[in-house]
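Inside the fold
Each chain is listed here by its residues.
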Amino acid sequence: MDLVDQLAQHAFCADMAPQVRERLAACAREERFEPGAFLLRQNAPAMTFYLILEGQVEIKIAGTAVGHAPLETLGKDDAVGWSWFLPPHRWHFDAVARAPTRVLAFDADCLRQAMQADSAVGYAITRGLLEVVVQRLQAARMQLSDLYGQP
Amino acid sequence: MDSLEQQRDCPPAEGLVPTPWRIVSRREEVADGSVFTWSIRPEVGEAASYRPGQFNMLYAFGVGEVPISISGDGAEPGTLMHTLRAVGRVTRAMQDLKEGDAIGVRGPFGTAWPMDTAYGRDLVLVAGGIGLAPLRPVVCHAMRNPGAFRRVFLLIGCRDPQSELFRDDVIAWSRRPHLQVEVTVDRGGPAWRGHVGVVTKRVQRADFDPSDAVAFLCGPEPMMRFAVLALQQRGVSDDRIFVSMERNMQCGVGTCGHCQWGRYILCRDGPVLRYDEVADIFDVREL
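Residues numbered from 1 in each chain as written. Chains lettered and ligands numbered in written order. Predicted model: local features only at pLDDT ≥ 70, side-chain atom pairs only at ≥ 80, totals over all residues.

**Notes on the overall build of chain A**
The helix and strand tally for chain A stands at 4 helices and 8 strands. Taken from N to C terminus, the helices and strands of chain A fall in the order α-α-β-β-β-β-β-β-β-β-α-α. Taken against the 2.2 N^0.38 rule, which gives 15 Å for 151 residues, the C-alpha radius of gyration of chain A at 16 Å falls within 12% of a compact globule. For chain A, the C-alpha atoms occupy an extent of roughly 50 × 35 × 30 Å along the three principal directions. In chain A, which comprises 151 residues, the share counted as buried stands at 36%. Contacts in chain A between residues far apart in sequence, at least 24 positions, make up 73% of those at least 6 positions apart. (Helix = DSSP H or I, 4+ residues; strand = E, 2+ residues; numbered from the N terminus. Rg over C-alpha atoms; globule rule 2.2 N^0.38 Å. Buried ≥ 20, exposed ≤ 12 C-beta atoms within 10 Å, placed from the backbone. Contact = placed C-beta atoms within 7 Å.)

In structure tokens:
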């Protein structure tokens, strides 16, 4: 299966036009991470955007009272990392593979150039990222609200 | 006017007098003992039959009554199982009761999960916190009848790994091929190997067929609200989503009105309701 086909099957790209997916594919490569490998490192330059094809990834924060605690787990059909999109282009959290993980990795410079050059590409990616951000924000609010705690 | 003796001749309404039962066994579900499961047996006669999703009114003598869902698998003749969380005066008093102690029981009351609606289809069970207890009889039914449903997806959300309920059961269930079990916690410690995040994410990702799935939801109302949205986004129609609602149930027979929720008296018309019938009042905070 080529990159365009893999993109077409990923939830992040499901609603994108074929020409947008082709433009994205030009920035993508497939990568694999073994358990324990870092996709992102807190405060490192944010140069890659990932779409998970299979496996499991933990978003973690270092230096908390409970250690290197997972904030969220991500899997197939999830996107990882949006700090490449806005300055200062540095990761805010760690992302660590928990299981053997296969991803599509996008070069951030290439993506940003494509988004600036073609507004359809820019809109599609921005919309996709916004959906991810909204879902994560809603999830974080629910997690913070302690739904299952004592009433 | 009737004499007091004549007035006292009037029999109490059916279902309002508790009968004495004994606690046969008691199991702590979480380490601090705040959630515990009783197996109880009637002092006289047989335990009434019940359907998954129904509840009993349990009475701590001299303290008060609380509505508690039946969480057993129905395969232990003569006994019923209830899982309680000590949160108020009555349930805290119940927390102190031991095996052999007596309680009062009225019931079973209320509507049940519509099992027949789900037969032959994908069944999606979304449980949050102690909301797993009223769904446990459904899972037990699916375990005993592996061909009844096409596939069963049990999606469990809880606060943290320490508050996961029925842990041994969940492990056993997850080994069954026709049952896909996903547990997610809001806060996972470094040792937790399961999902971290909200249970609605599991709804988005579970591999059920939305065009032929039935969903049973039980948990905090905000969780159910987001779970309904996730199911709708997947394409599950409102008439195949069922929610278990809870209010201040007191009489259990639809008389006192304490558990009124809009046009419904939940102890009688609920707790299990079809979502399309309650969608207009589901997120109305004034009710």
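**A word on the overall build of chain B**
For chain B, the count of helices and strands is 9 helices and 15 strands. At 19 Å, chain B has a C-alpha radius of gyration in line with the 19 Å of a compact globule built from 287 residues. Principal axes of the C-alpha set define a box for chain B whose edges measure 65 × 40 × 35 Å. With 287 residues in all, chain B has 45% of them scored as buried. Considering only intrachain contacts with a sequence separation of at least 6, the fraction spanning at least 24 residues in chain B is 71%.

**Here we look at the interface of chain B and chain A**
On the chain A side, the residues contacting the 20 residues of chain B number 19 residues. With 3 residues, the single largest contributor to the side of chain B that touches chain A is helix α7 (residues 221-234) of chain B. Among the residues forming the side of chain B that touches chain A, the class breakdown is 9 nonpolar, 7 polar and 4 charged. (Nonpolar A, V, L, I, M, F, W, Y, C, P; charged D, E, K, R; others polar.)

**Observations regarding the sheet that holds strand β3 (residues 48-54) of chain A**
All names here are of chain A. One open sheet accounts for 4 strands, arranged β1-β8-β3-β6; its pairing is antiparallel. Bordering the open sheet on either side are β1 (28-33) and β6 (79-80), each of which pairs with just one other strand. Pairing between β3 and strand β8 (residues 101-107): 6 bridges, direction antiparallel. Paired with Thr-48 across the bridge in β8 is Asp-107. (Pairing = 2+ DSSP bridges.)

**Some remarks on the sheet that holds strand β3 (residues 55-60) of chain B**
Think of a sheet as strands paired side by side through backbone hydrogen bonds, with each pair either parallel or antiparallel. Residue and element names in this part refer to chain B. One open sheet accounts for 6 strands, arranged β4-β3-β6-β1-β2-β5; its pairing is antiparallel. In this open sheet, the two edge strands, each paired with only one partner strand, are β4 (64-69) and β5 (80-85). Each neighbouring strand pair of the sheet contributes to a mean axis angle of 40°, computed without reference to strand direction. As paired elements, strand β1 (residues 19-28) and strand β6 (residues 102-109) share 4 bridges and run antiparallel to each other. Within β6, the residue paired with Thr-19 across the bridge is Val-105. (Axes fitted to C-alpha atoms, helices over the stretch in contact; angles between N-to-C directions.)

**Notes on helix α4 (residues 119-144) of chain A**
Residue and element names in this part refer to chain A. Between its terminal C-alpha atoms α4 stretches 36 Å, which fits the 38 Å expected from 26 residues at 1.5 Å a residue. Every buried residue belonging to α4 is among Val-121, Ala-124, Ile-125, Gly-128, Arg-136, Ala-139 and Met-142, and all of these are buried. Of the residues flanking the end of α4, it is Asp-146, one or two places downstream, whose phi is positive at about 55°. (Expected span 1.5 Å × (residues − 1).)

**Some details on the pairing of β5(B)**
As a general feature of sheets, a regular strand has side chains that alternate between the two faces. All names here are of chain B. β5 sits mainly inside the fold: 6 of its 6 residues count as buried. Bridging between strand β2 (residues 35-42) and β5 involves 6 bridges; their strand directions are antiparallel. Bridge pairing in β5 places Thr-37 opposite Thr-83.

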